[in-house]
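# Survey of secondary and tertiary structure
Residues per chain are reported as follows:
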Amino acid sequence: MAEAAARLTARAAIALVAEGFTEHTPPPPPPGPGPGPADGPLGWDGYGEARARARERTGEAESAVYGEAEVGGVRCVVLAFEFGFLGGSLGERTGDRITAAYRLARERRVPLVSLVATGGSRMQEGMVALAQLQRVARETVLLRAAGVPHVAVLRDPATGGGWATIGAGADVLLALPGAQVGFAGARVRPADADPAAYTAEGQLAAGQIDAVVPAGELRATLGRWLTALTRPAPGPVPPPPALGGAAGPPVTGWDAVRRARAPQRPRAEAYLDAYFQERLPLVGDRCGGTDPGMLCGVGLRDGHGVVYAAQCGTATLPAGYRTAARVVRLADRLGLPVLTLVDTPGAANDAEAERAGAGASIAEAFAAVAGARVPVTTLVVGEGGSGGALALAAPGRTWVTPDSYFSVIAPELAAAILKRPAEEAARTAEQLRLRPQDLVELGVVRGIV
């Protein structure tokens, strides 16, 4: 079933997700130098005949089709690869169609949906074919600058330059089950390479794509994504109400710490489920890392999109901060308000975290929040452990729950630094003034929800 879905023709893939497709064709290319059009810019013997056979077999003039359509009630531009045409490879004329699709989406200010199935650049056109990747990269930059979202669906296979530009360059990456996804195609990988690393499922585990979606669910999933990305909620969004039925703020600093650490205290996932009607996850830092303790994505709230990044009570990994920074930058580019939920004892500080760039990743999160032009709302729902928590907190728009605390350092660590015995942690917590009501009085947060 997955294989059959992955090897759909370009037009069948379009029909799977879209309604009312209107095809466009790029303007004809200007005449240029070379040995003649029959065998391409390199004069590759038999290339013209191979193209003619591909046209006859597929009914397509090139390896990509594009046009306007509607997906889930949202107008968009759809770009689809025809793998039956020379393996969906990118040649110069393919580049014309791809860049025209990007321009059309930018001019119409509607999302671009790319249905990617390609083996890479067309070797019969040599460097002329490879140079198309630079054209695509330029159009990607312009599309992002215009604030137009791009969602890619990775079919089978999605490899080579097509994956490394159109696919991996999209804002949201979905894939069909079992699809081959990777820079190296099947015939050029090392003989001892783990085949699982080149699958949609493997790339999801590595944080390189956001979801694996069965073909039968693809249209509905795309519709939800396009709605969330193109209909921003009016911001700033309000903080979620407190969950858990706490009677009121804690009496002492140590009470605040114990309540924030209580196993039964509501966690970020409960807050997100109560706040949104639906959540669409964005997974991974695109550098090979994921953090299960950081939930990121776009939530639908009353039919509008809100980007979220939420800590889940664990020490946050470098991949978690990089993922959070990625989604905040995406929100800023698309004009979506942001909700962050803070709940961490602090950033992971073991040797592996240091090797993975703990400091740089925290700095990246700080910069993303500080530089956001869209409103960011923060709620501290549990532990607010030092800079690892502050990195996700919005200056001037942070609230706290009665079951939370926020501190420059954990009381136990502060006592150790001050060379106090362990039993002095409770007294140290009082001195740190980390209770919700202390934070309001100090002007660190706006209020207790």
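Residues numbered from 1 in each chain as written. Predicted model: local features only at pLDDT ≥ 70, side-chain atom pairs only at ≥ 80, totals over all residues. Heavy atoms only, no water.

A few words now on the overall build of the protein. Within the protein, the secondary structure is distributed over 18 helices and 16 strands. The C-alpha extent of the protein, read off along each of the three principal axes, is 85 × 45 × 40 Å. Counting every position in the protein, which comprises 449 residues, the buried fraction comes to 53%. Long-range contacts, defined here as pairs at least 24 residues apart, represent 72% of the contacts in the protein between residues at least 6 apart. Only carbon and sulfur atoms are counted for the fraction: they give 58% of the accessible area of the protein, which is about 18400 Å². Computed over 44 positive and 45 negative side-chain charges, the inter-centroid distance for the protein is 4 Å. (Helix = DSSP H or I, 4+ residues; strand = E, 2+ residues; numbered from the N terminus. Buried < 20%, exposed > 50% of the residue type's maximum accessible area, 1.4 Å probe, protein only. Contact = heavy atoms within 4.5 Å. Areas by Shrake-Rupley, 256 points an atom, 1.4 Å probe, with all protein chains shown as cover. Lys, Arg positive; Asp, Glu negative; His and termini not counted. Charge placed at Lys NZ, Arg CZ, Asp CG, Glu CD.)

Before going further, it helps to spend a moment on the side chain of glutamine 203. Residue placement: glutamine 203 occurs in helix α8 (residues 200-205). For glutamine 203, a relative accessible area of 10% puts it in the buried group. Leaving out residues up to four positions away in the same chain, glutamine 203 has contacts with Val181, Gly182, Ala197, Gln208 and Ile209.

This part is about the packing of aromatic side chains. Overall, the coordinates contain 2 aromatic pairs when judged by the stated rule. Ring centres of tyrosine 275 and phenylalanine 276 lie 5.1 Å apart, and the angle between their planes is 85°; this geometry places the pair in the edge-to-face category. For the residue pair tyrosine 275 and phenylalanine 276, the accessibility class agrees, reading buried in each case. A ring pair is formed by phenylalanine 276 and tyrosine 308, whose centres lie 5.6 Å apart and whose planes are at 35°; its orientation type is tilted. Of this pair, phenylalanine 276 sits in the loop between α11 (268-275) and β9 (278-281) while tyrosine 308 sits in strand β11 (residues 304-311), and the two are 32 residues apart along the sequence. A relative accessible area of 5% means that phenylalanine 276 is categorised as buried. Among the residues examined, tyrosine 308 registers a relative accessible area of 1% and is labelled buried. Grouped by ring-pair contacts, the aromatic residues Tyr275, Phe276 and Tyr308 constitute a single cluster. (Phe/Tyr/Trp six-rings, centres within 6.5 Å; stacked < 30°, edge-to-face > 60°.)

Further remarks concern the nonpolar core. Counting residues in hydrophobic clusters, the biggest one holds 63 residues, and the most contacted among them are Leu115, Leu174, Leu218, Leu222, Trp225, Leu229 and Leu392. For this core, the element with the highest residue contribution is helix α12 (residues 318-334), accounting for 8 residues. The contact partners of leucine 218, leaving out residues within four places of it in the chain, are Leu16, Val17, Val153, Leu174, Leu176 and Val213. Counting 33 residues, the second-largest nonpolar core is a separate cluster that includes Leu112, Trp163, Ala179 and Ile209. (Core = buried A, V, L, I, M, F, W, Y, C linked by side-chain atoms within 4.5 Å.)

A word on the confidence of the model for the protein. Across the protein, pLDDT averages 92, with 97% of residues at or above 70. A low-confidence stretch, residues 1-6 (pLDDT under 50), is modelled with 7 contacts involving residues beyond four sequence positions or located in other chains. (pLDDT = per-residue confidence, 0-100.)

Let us look at the environment of phenylalanine 276. Counting along the chain gives 62 residues from phenylalanine 276 to proline 214, while the straight-line C-alpha distance between them is 23 Å. When sequence neighbours within four positions are dropped, the list of residues in contact with phenylalanine 276 reads Gly299, Leu300, Arg301, Val306, Tyr308 and Leu339.

Here we come to the packing of helix α2 (residues 10-17) against helix α9 (residues 215-230). At a closest axis distance of 8 Å, the pairing of α2 and α9 adopts a crossing angle of 60°. Relative to α9, the element α2 lies oblique. Residue-level contacts link Ala15, Leu16 and Val17 of α2 to Ala215, Leu218, Arg219 and Leu222 of α9. Residues of the contact of α2 with α9, tallied by class, amount to 6 nonpolar, no polar and 1 charged. (Axes fitted to C-alpha atoms, helices over the stretch in contact; angles between N-to-C directions. Parallel < 35°, antiparallel > 145°, perpendicular 65-115°, else oblique. Nonpolar A, V, L, I, M, F, W, Y, C, P; charged D, E, K, R; others polar.)

Within the element layout of this structure, threonine 99 appears in helix α4 (residues 92-108). Counting along the chain gives 37 residues from threonine 99 to valine 136, while the straight-line C-alpha distance between them is 6.1 Å. Discounting residues that sit within four places of it in the chain, threonine 99 has contacts with Arg135, Val136 and Glu139. Here arginine 135 takes part through its side chain, which lies 3.3 Å from a polar atom of the side chain of threonine 99. (Polar contact = N/O pair within 3.5 Å; in protein donor to acceptor, adjacent residues only side chain to side chain.)

Note that the residue after aspartate 156, namely proline 157, is joined by a cis bond; omega there is -5°. Position of proline 157 relative to the elements: it lies in strand β5 (residues 150-159). Backbone torsion omega between glycine 235 and proline 236 reads 0°, so that peptide bond is classified as cis. Checked against the element boundaries, proline 236 lands in the loop between α9 and α10 (253-261). A positive phi angle is found at arginine 433, which is not glycine, with a value near 50°. With respect to the helices and strands, arginine 433 occurs in the loop between α17 (425-432) and α18 (436-442).

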